[in-house]
Amino acid sequence: MSRGGKTIRVDYLARVEGEGGIYIKLKGDQVQDVRLKIFEPPRLFEAFLRGRHCSEVPDITARICGICPVAYQMSAVHAVERALGIEIDPAVRLLRRLFYCGEWIESHSLHIFMLHAPDFLGYPDAIQMARDHRGVVEQGLRLKKTGNRIVTLMGGREIHPISAAVGGFHKVPSKTGLRSLVEDLKWALDASLSTVRLVAGFEFPDFEQDYEFVALSHPDEYPFNEGALVSNRGLSIDAVQYEEHFMEQHVKYSNALHSCLRERGSYLVGPLARFNLNFSRLPEIAQQAARDCGLAPPCRNPFRSIVVRAVELVFACHEALCVIAEYEPPPAPRVEMPGRAGVGSAATEAPRGLLYHRYEIDERGIILLAKIVPPTSQNQKRIEDDLRHFVPGLMTRPAEEITLRCEQAVRNYDPCISCATHFLRLKIDRE
Amino acid sequence: MGGKPRIAVFKFASCDGCQLSLLDAEDELLGVAEAVDIVYFPEASRTMLKGPYDIVLVEGSITTLHDAERIQQVRRQCRTLITIGACATAGGIQALRNWKDVDEFVRVVYATPQFISTLKMSTPITEHVQVDFELRGCPINKRQLIELITATLAGRKPNIPAYSVCLECKRRGTVCVVVARGVACLGPVTQAGCAALCPSFDRGCYGCYGPMESPNTGSLTNQFRILGQSNRQISQSFRSYNAWAWQFRKASEECERE
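A look at the overall build of chain A
So, step 1. Per the secondary structure count, chain A includes 15 helices and 13 strands.
So, step 2. Against the 2.2 N^0.38 benchmark of 22 Å for 431 residues, chain A shows a C-alpha radius of gyration of 21 Å, consistent with a compact globule.
So, step 3. By its C-alpha atoms, chain A is 65 × 55 × 35 Å across when sized along the principal axes.
So, step 4. Relative to its 431 residues, chain A shows a buried fraction of 59%.
So, step 5. Contacts spanning at least 24 positions in sequence make up 73% of the contacts within chain A whose residues lie at least 6 apart.

Thoughts on the overall build of chain B
So, step 1. What chain B contains, in helices and strands, is twelve helices and five strands.
So, step 2. For chain B, whose C-alpha radius of gyration is 19 Å, the value lies close to the compact-globule estimate of 18 Å for 258 residues.
So, step 3. By its C-alpha atoms, chain B is 60 × 50 × 25 Å across when sized along the principal axes.
So, step 4. Scored against the burial criterion, the 258 residues of chain B give a buried share of 52%.

Focus on the domain arrangement of chain B
Residues and elements named next belong to chain B.
So, step 1. Partitioning chain B into structural domains gives domain 1 (6-154) and domain 2 (165-257).
So, step 2. Of note, the centres of domain 1 and domain 2, computed from C-alpha atoms alone, are 25 Å apart.
So, step 3. Each partner contributes residues to the interface: domain 1 has 15 residues there, and domain 2 has 13 residues.
So, step 4. Looking at the side of domain 1 that touches domain 2, the element that brings in the most residues is helix α4 (residues 86-90), giving three residues.
So, step 5. Its residues assigned to classes, the side of domain 1 that touches domain 2 comprises seven nonpolar, seven polar and one charged.

A word on the nonpolar core
So, step 1. Core analysis: the largest hydrophobic core is formed by 192 residues, its most contacted members being Val80, Val311 and Val314 of chain A together with Val56 and Val58 of chain B.
So, step 2. Looking at which element gives the most residues to this core, the answer is helix α4 (residues 90-121) of chain A, with 14 residues.
So, step 3. Shared between two domains, this core takes at least three residues from each, and those domains are domain 1 (6-154) and domain 2 (165-257) of chain B.
So, step 4. Other than its neighbours up to four places away in sequence, Val311 of chain A contacts Val196, Phe275, Ala286, Ala289, Ala290 and Leu295 of chain A.

Topic: the packing of helix α13 (residues 375-390) of chain A against helix α14 (residues 399-411) of chain A
All names here are of chain A.
So, step 1. Where α13 contacts α14, the two axes come as close as 9 Å, and the packing angle between them is 145°. Of the two elements, α13 crosses α14, and the hand of that crossing is right-handed. Here Ile383, Asp386, Leu387 and Phe390 of α13 lie close against α14, whose contacting residues are Cys406, Ala409 and Val410.

What to know about the interface of chain A and chain B
So, step 1. The interface is formed by 52 residues belonging to chain A together with 49 residues belonging to chain B.
So, step 2. For the side of chain A that touches chain B, the secondary structure elements donating two or more residues are α1 (45-49), α2 (57-62), α4, α5 (126-132) and α6 (134-155) of chain A.
So, step 3. With five residues, the top contributor of residues to the side of chain A that touches chain B is α6 of chain A.
So, step 4. Looking at the side of chain A that touches chain B residue by residue, the classes come out as 24 nonpolar, ten polar and 18 charged.

Digging into helix α10 (residues 217-226) of chain B
All names here are of chain B.
So, step 1. Along α10, the positions that sit buried rather than exposed are Thr217, Leu220, Thr221 and Phe224. An end-on view of α10 places all buried positions within 105° of arc, on one side of the element. The exposed residues of α10 that point more than 90 degrees off its buried face are Gly218, Ser219, Asn222 and Ile226.
So, step 2. Taken together, the buried residues of α10 touch α11 (231-238) and α12 (246-257).

Points about helix α6 (residues 142-154) of chain B
All names here are of chain B.
So, step 1. The end-to-end C-alpha distance of α6 is 18 Å, a good match for the 18 Å that 13 residues give at a rise of 1.5 Å each.
So, step 2. Taken together, the buried positions of α6 are occupied by Lys142, Gln144, Leu145, Leu148, Ile149 and Thr152. Along the long axis of α6, the arc covered by the buried residues comes to 155°, so they all point the same way.
So, step 3. On its buried side, α6 packs onto α1 (17-24), α2 (29-35), β3 (53-59), β4 (78-84) and β5 (133-135).

Quick word on the sheet that holds β3 of chain B
All names here are of chain B.
So, step 1. Taken together, five strands build an open sheet; the order of strands is β2-β1-β3-β4-β5 and the sheet is parallel. Edge strands, defined here as strands with exactly one partner in the open sheet, are β2 (37-40) and β5. Strand-to-strand twist of the sheet, defined as the mean angle between neighbouring strand axes without regard to direction, takes the value 30°.
So, step 2. In the packing of helix α3 (residues 65-76) onto the sheet, the strands contacted are β1 (6-11), β3 and β4, and the crossing angle to β4 comes to about 130°.

Some points on the confidence of the model for chain B
Low-pLDDT portions of the prediction should not be read for the details of their coordinates.
So, step 1. Scored by pLDDT, chain B comes out at a mean of 94, with 99% of its residues at no less than 70.
So, step 2. At the level of chain-chain contacts, confidence expressed as ipTM amounts to 0.96, with global pTM at 0.95.

Some points on unusual backbone geometry
So, step 1. The omega angle of the peptide bond from Gly51 of chain B to Pro52 of chain B is 0°, so this bond is cis rather than trans.
So, step 2. The phi dihedral of Leu44 of chain A is positive, around 65°, even though this residue is not glycine.
So, step 3. Within the element layout of this structure, Leu44 of chain A appears in the loop between β3 (30-38) and α1.
So, step 4. You can call Leu44 of chain A buried: it has 26 C-beta atoms within 10 Å.
So, step 5. Its identity is not glycine, yet Ser214 of chain B carries a phi of approximately 45°, on the positive side.
So, step 6. Along the chain, the position of Ser214 of chain B falls in the loop between α9 (197-200) and α10.
So, step 7. Using a count of 9 C-beta atoms within 10 Å as the deciding quantity, one classes Ser214 of chain B as exposed.

Here we look at the pairing of strand β13 (residues 367-373) of chain A
So, step 1. Extensive coverage of β13 of chain A is indicated by the burial of five of its seven residues.
So, step 2. Hairpin remark: strand β12 (residues 353-361) of chain A followed by β13 of chain A, antiparallel, with five residues in the connecting loop; positive phi at Gly365 of chain A, about 90°.

Considering the environment of Glu158 of chain A
So, step 1. By secondary structure assignment, the location of Glu158 of chain A is in the loop between α6 and β4 (164-165).
So, step 2. Assessed through the 26 C-beta atoms surrounding it within 10 Å, Glu158 of chain A is described here as buried.
So, step 3. Between the C-alpha atom of Glu158 of chain A and that of Gly18 of chain A, which follows or precedes it by 140 residues, the distance is 19 Å.
So, step 4. The residues contacting Glu158 of chain A, other than those within four sequence positions of it, are Glu106, Asn148, Val151 and Thr152 of chain A together with Asp24 of chain B.

Quick word on the sheet that holds strand β1 (residues 7-10) of chain A
Residues and elements named next belong to chain A.
So, step 1. Spatially, three strands are ordered β1-β2-β3 in an open sheet, and the strand pairing comes out antiparallel. Looking at which strands have only one partner, the edges of the open sheet turn out to be β1 and β3. The average undirected angle you get between the axes of adjacent strands in this sheet is 10°.
So, step 2. Taken together, the four bridges between β1 and strand β2 (residues 20-27) define a ladder with antiparallel strand orientation. Looking at β2, one finds that Arg9 is bridged to Tyr23.
So, step 3. Each of β2 and β3 touches α13; the most contacted strand, β3, lies at about 145° to it.

The rules behind the values
Note that residues are indexed from 1 along each chain, following the sequence as it is written. Each chain takes a letter, starting from A, and each ligand takes a number, starting from 1, following the order in which they are written. Confidence filtering applies because this is a predicted model: local features only for residues at pLDDT of at least 70, side-chain atom pairs given and counted only at 80 or more, and all residues used for totals across whole chains, interfaces and linings. Labels follow the DSSP assignment, with helices taken as runs of H or I lasting at least four residues and strands as runs of E lasting at least two, numbered in each case from the N terminus. The quantity called the radius of gyration is restricted to C-alpha atoms. Its globule counterpart is 2.2 Å times the number of residues to the power 0.38. Three exposure classes are used. Buried residues have 20 or more other C-beta atoms within 10 Å of their own C-beta, exposed residues have 12 or fewer, and partly exposed residues fall in between, all C-beta atoms being placed from the backbone. A residue pair is marked as a contact if its C-beta atoms, positioned from the backbone, fall within 7 Å. Note that domain bounds follow an automatic or database assignment of domains. Classes in brief: Ala, Val, Leu, Ile, Met, Phe, Trp, Tyr, Cys and Pro nonpolar; Asp, Glu, Lys and Arg charged; the others, Gly included, polar. Joined through C-beta atoms within 7 Å, a set of buried Ala, Val, Leu, Ile, Met, Phe, Trp, Tyr and Cys residues constitutes a nonpolar core. Each axis is a line fitted through C-alpha atoms, taken for helices only over the stretch in contact, and angles between the N-to-C directions span 0 to 180 degrees. Should the near helix be turned counterclockwise from the far one by less than a right angle, the crossing is left-handed, whereas a clockwise turn marks it as right-handed. Think of it as the arc spanned by the lines of direction from the helix axis to the C-beta atoms. For a helix, the expected span equals 1.5 Å multiplied by the residue count minus one. Any two strands between which DSSP finds at least two bridges are classified as paired. Across the chain, each position has a pLDDT score giving the predictor's confidence in that residue, from 0 to 100.

Encoded structure:
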């Protein structure tokens, strides 16, 4: 960072997934420009998906992100199933929730313990942090391993699992197989509760914003794969209507597109949005954990997202145990694909927020058009807005602290830059 | 240099999954971090120290001019350069652009294509600099990664077999999906490393670990035809995460010509 009252610059943002930087231009104490610069090279997924068979979509789109491949597989299979009019078996639906629990546990513990906690405890990384807080880091690693065990048992491996299929799974686990996870999950549930207490004790900057929160909302469940897309400002739509309400903007300094609400601009997706919009659908144990540490909706301090992630860990461990207790294998692992053309959209809740997919498929099952809007594209503009409002309050602090705090403000969003940069199809020019 | 070996992790065009494998080695991570100094690993740490490095792990393929220059700098700073994963060793899924007009790709998906600078091809690291070892997989196997780091530090040859997935299937006692159910499977031409996951999940191998040592792709192509696959289907089977690996590339191009 070169300060001199002019610019704050972080050339390579650490402890986020992918390649990005921050650039903030100041004039006196006024913030003139804020840019979350993304130089992650584009990989052109939507372009090369055209011409592939729709059965390949879950495997191919998983490769957008090594941290949340399950999210890509889930949004992909639901969108293709909607295009083809496939109804999945209730047991498959349940298994998909369990699959997602595994990914949330893995991804949230990675972010809480390895990427975000070092900011609060004052270390450059979790390995340095382990020298003074070995127990904390070991607990984080074991929690992460528990999440990965679910994904591995159901999908063969933790990164780019191979079982997800349009219509269901290639192979479903046995009841005995799932029961082997129970002991670990019971430990993980306790560990999650202690994680909530641990991170709730961190010091949080006094910073709140008036966000528009956007998340899925289901009448009976905390959302994973299903629900209406809602916001705290009255949005309530089906995924089919997503592109009527949201649009992407292409800015010169970033290889990722900025998503915004057509009427109202930036918005926030992810744990804070889910928590604020779905608190009553959390199981009592997670609600109580939140209340005990003074966390209640609406939470508008983005730095507290680490506590919300921990509450979601409690939820995911609890939910995984419920699914395993209830599970009876489906009569067939998957429904066969009918040969018909169609267009389908779906949104699911990736660990870091809403993930939207749309596919147009011909009668042979070939993809004609693909559109993917990852959570980090949606949060990008909001991250810049946070920095714009956060930086003026820091001006009296030493340069190193300002830089660190700005990085922390970005890490609040658990941004996944590899996801955000894969070229989204744009429609905004005719606006 | 004295002290512990210095390790760095550099990323190019990729999904981050292969470097995440290091963090996914939950039981080994703190042990590894005691044996070596991880001095440059932006995904995990704010500390980013300059070279020289003893071992550099490179994830991702080269898709921009800037990255083509950056990999040269990385090579100059390290003693041993190891590429990890299908992007780094074969160009990755993004190498599908290599058969297409990349400008059309960009126009189709971008409002202002002139903001974007990207190369026409996605290429593996070995097309740019000398590579000391290529660890295959999409994603890599974390056990193989730990073995490779350990072997490199000990100065011995890593125990990473180049035989086919078929051997792993036999070893775990999985019934052959091609023989028993007529499912198309790339196992006979794909390098081992995943423990033959897909056949154990009742589906054919789709080639995450790239071509095995001397694969007979022609024979497998004939077998796929017997199973009723079209040339287009066979060509696409070879064109996924390791599409640009020369043996798979040749096999897919032969199908396209027919």
